[in-house]
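# Residue-level structure breakdown
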Amino acid sequence: MTVEIDLTLNGEERTFEAERSDSLLDVLRKNGYTGAKRGCDTGNCGFCTVTVDGESTMSCIEPVATIDGATVETIESLGTQDDLHPVQSAFVDNAALQCGFCIPGMIMRSRNFLEENPDPDREEIRAALSDNLCRCTGYEKILDAVEDAAERMDGDTAVAADGGQPIDDAPCSGCGCEVNDE
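These lines cover the structure that appears in this document, whether it is placed above or below. Worth saying up front: this structure is predicted, and the values here are computed from it rather than measured.

With that out of the way, let us pick up the overall build of the protein chain. Tallying secondary structure elements over the protein chain gives 5 helices and 5 strands in all. What you see in the protein chain, going N to C, is helices and strands ordered as β-β-α-β-β-β-α-α-α-α. Sorting the 182 residues of the protein chain into buried and exposed places 41% on the buried side. Counted over contacts in the protein chain with a minimum sequence separation of 6, partners at least 24 positions apart contribute 52%. Within the structure as shown, the protein chain displays about 9,900 Å² of accessible surface, and the carbon and sulfur contribution to it stands at 45%.

Written out as structure tokens, the structure is:
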């Protein structure tokens, strides 16, 4: 049986048709929002993590009927290639990705966690990400990226949008260029 689901998706009011048996992940992917990945279909891997009404949610086990009227954010809402969200930038700059399959879910959970806890220690980060698996890394670079993202979201850290080193007010360190030399 087909039902209509109304929700706010990435800031836009949307209506989707769905089968009653569909999960939120099914609806997202059928409608072109492919950032959330299908991994386990049991809520055990975190690849499908999105934000529903401000909370990290495993979209593969979220029945579509429960999201009618909800506000949903996917990785597609965070940034663009030219204007990455601070968490996305931190993951890139810290080489916290390999195959990339888990990264959308990791980034969504990290962003939500940092909004609740802007100054976490490493163990708090580890605990916050414990529902998200990565099969390629040893998690250290992911933890580094979340620590870095916390600083960036605090506004105290300069961000290089191109993945390079940010230029600050300090003079160049002798490479011969004239950047910031006075």
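Applying the stated rule across the entire model yields 12 salt bridges. In this structure, the salt-bridge partner of R122 is E140, at a minimum N-O distance of 2.8 Å. One end of the pair, R122, is in helix α4 (residues 122–128); the other, E140, is in helix α5 (residues 140–154), with 18 residues separating them in the sequence. One salt bridge connects R122 with D144, and the closest N-O pair in it is separated by 2.9 Å. In this pair, R122 is assigned in helix α4 and D144 in helix α5, connecting sequence segments 22 residues apart. One salt-bridge network, held together by shared partners, links R122, E123, R126, E140, D144 and E147.

A separate point is the pairing of strand β1 (residues 2–9). Pairing of β1 with strand β2 (residues 12–19), which is carried by 8 bridges, proceeds in the antiparallel orientation. Bridge pairing in β2 links V3 to A18. Bridging between β1 and strand β5 (residues 71–73) involves 2 bridges; their strand directions are parallel. From the neighbouring strand, L9 faces β5, where its bridge partner is V72.

Right, let's get into helix α2 (residues 86–93). All buried positions along α2 are accounted for by V87, Q88, S89, A90 and F91. Directly beyond the C-terminal end of α2, a positive phi value near 50° is found at A95.

As a further point, take the packing of helix α3 (residues 103–116) against α5. Packing of α3 against α5 brings their axes to within 10 Å, and their N-to-C directions diverge by 45°. Here α5 runs oblique to α3, going by the angle between their axes. In this structure, the crossing between α3 and α5 has a hand that is right-handed. Where α3 abuts α5, its residues M106, S110, R111, L114 and E115 lie against I142, V146, A149, A150 and M153. Considered class by class, the residues forming the contact of α3 with α5 number 7 nonpolar, 1 polar and 2 charged.

Turning to the sheet that holds β2, a few remarks are in order. Sheet strands pair via backbone hydrogen bonds, and the direction of the pair is either parallel or antiparallel. If you trace the 5 strands from one edge of the open sheet to the other, you get β2-β1-β5-β3-β4, paired in mixed fashion. If you trace the sheet from one side to the other, it starts and ends with β2 and β4 (55–58), each paired once. Strand-to-strand twist across the sheet, computed as the mean angle between neighbouring axes with direction ignored, equals 45°. Sheet contacts for α3: β3 (49–52), β4 and β5; angle to β3, the most-contacted strand, approximately 40°.

Helical geometry: 3.6 residues make up each α-helical turn, so side chains three or four residues apart lie on a common side. With 15 residues, α5 should cover 21 Å at 1.5 Å per step; its first-to-last C-alpha distance of 21 Å lies within 8% of that length. All of the buried residues in α5 are I142, L143, A145, V146, D148, A149, A150 and R152. The inward-facing, buried residues of α5 abut α2, α3 and α4.

Before going further, it helps to examine the environment of A36. Mapped onto the elements of the fold, A36 is located in the loop between α1 (24–30) and β3. Spatially, the C-alpha atom of A36 lies 6.3 Å from that of P104, the residues being 68 residues apart in sequence. Leaving out residues up to four positions away in the same chain, A36 has contacts with L25, R29, F47, C48, V50 and S59.

In this structure, N10 is a non-glycine residue whose phi angle is positive, near 50°. Even without being glycine, Y139 reaches a positive phi, approximately 75°. Examined against the element boundaries, Y139 turns out to sit in the loop between α4 and α5.

The rules we used
- Here the residue numbers are simple positions, counted from 1 along each chain's written sequence.
- Restriction of local features to residues with pLDDT of at least 70 applies here, the model being predicted, together with a cutoff of 80 or more for giving and counting side-chain atom pairs; totals for whole chains, interfaces and linings are based on all residues.
- Only heavy atoms go into the side-chain values, all of them from the structure, while hydrogens and water stay out.
- Working definition: helices are DSSP H or I runs of at least four residues, strands are E runs of at least two. Numbering for both runs from the N terminus.
- Throughout this description, buried means an accessible area under 20% of the type-specific maximum (1.4 Å probe, protein chains only), exposed means over 50%, and partly exposed covers the range between.
- What makes two residues a contact is simply this: any of their non-hydrogen atoms within 4.5 Å.
- The protein chains shown are the only cover counted for residues, whose accessible areas, like all others here, come from Shrake-Rupley with a 1.4 Å probe.
- We define a salt bridge as a contact between a side-chain nitrogen of Lys or Arg and a carboxyl oxygen of Asp or Glu at a distance within 4 Å.
- In this analysis, strands are considered paired if DSSP registers two or more bridges between them.
- Lines fitted to C-alpha atoms define the axes, with helix axes restricted to the stretch in contact, and inter-axis angles between N-to-C directions lie between 0 and 180 degrees.
- Throughout, the term roughly parallel applies to angles under 35 degrees, roughly antiparallel to angles over 145, roughly perpendicular to angles from 65 to 115, and oblique to all others.
- Here a crossing is called left-handed whenever its near helix is offset anticlockwise from the far helix by less than a right angle, and right-handed whenever the offset is clockwise.
- In this classification, the charged set is Asp, Glu, Lys and Arg, the nonpolar set is Ala, Val, Leu, Ile, Met, Phe, Trp, Tyr, Cys and Pro, and all remaining amino acids, among them Gly, are polar.
- The span you would expect from a helix comes to 1.5 Å times its residue count less one.

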